[in-house]
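# Structural overview for review
The lines below spell out each chain.
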Amino acid sequence: MIQVKLFDREHEKDLEKEMNRFLKGIDEQKLVDIKYNVAAMPEEEEEEQIYCFSAMIIYRA
């Protein structure tokens, strides 16, 4: 059966750590694909941007 695990963090290092923890728990042969996305949105009334780092791991259960 194909399954997915979704990750969503504000900082890329947090996303990396969480994904690596998950990947340690699955057999490399069961990994199908990894999708990655970054979204940046301006924060209202401020000059800063809000970042959203997300990823989806597709694997065989």
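Residues numbered from 1 in each chain as written. Predicted model: local features only at pLDDT ≥ 70, side-chain atom pairs only at ≥ 80, totals over all residues. Heavy atoms only, no water.

## Comments concerning the sheet that holds strand β2 (residues 31-42)
Applicable threshold: For two strands to be treated as a pair, DSSP must find at least two bridges joining them. Each helix is a run of H or I in the DSSP string that is no shorter than four residues. Each strand is a run of E no shorter than two, and both are numbered from the N terminus. Fitted lines through C-alpha atoms serve as axes, helices being fitted only where they are in contact, and the angles separating the N-to-C directions of these axes extend from 0 to 180 degrees.
What the three strands build is an open sheet, ordered β1-β3-β2; its pairing is antiparallel. Each edge of the sheet is formed by a strand with only one pairing partner; in this case those strands are β1 (2-9) and β2. Sheet twist, expressed as the average angle between the axes of neighbouring strands with direction ignored, equals 15 degrees. Across eleven bridges, β2 lies against strand β3 (residues 49-60) in antiparallel orientation. Of the residues in β3, the one forming a bridge with Asp 33 is Ile 58.

## Considering helix α1 (residues 12-24)
Put simply, the rule reads: In a helix, the anticipated span is given by 1.5 Å times the number of residues less one. The rule is simple: take the accessible area with a 1.4 Å probe, protein chains only, and divide by the maximum for that residue type; under 20% is buried, over 50% is exposed, in between is partly exposed. The arc under discussion is defined with respect to the helix axis, by the directions toward the C-beta atoms. It only takes one pair of heavy atoms within 4.5 Å for two residues to be counted as in contact.
Counted at 1.5 Å a residue, the expected span for α1 with its 13 residues is 18 Å, and the 18 Å between its end C-alpha atoms agrees. All of the buried residues along α1 are Leu 15, Glu 18, Met 19 and Phe 22. All buried residues of α1 lie within an arc of 100 degrees about the axis, which places them on one face of the element. Turned more than 90 degrees from where α1 packs its buried face, Lys 13, Lys 17, Arg 21 and Lys 24 sit exposed. Residues of α1 that are buried in the fold lie against β1, β2 and β3.

## Here we look at the environment of Ala 61
Structurally, the position occupied by Ala 61 is in the segment after β3. Distance in space between the C-alpha atoms of Ala 61 and Asp 27 is 9.6 Å, their sequence separation being 34 residues. Those residues in contact with Ala 61, other than ones at most four positions away along the chain, are Met 1, Gln 3 and Lys 30.

Read these as geometric descriptors, not functional statements.
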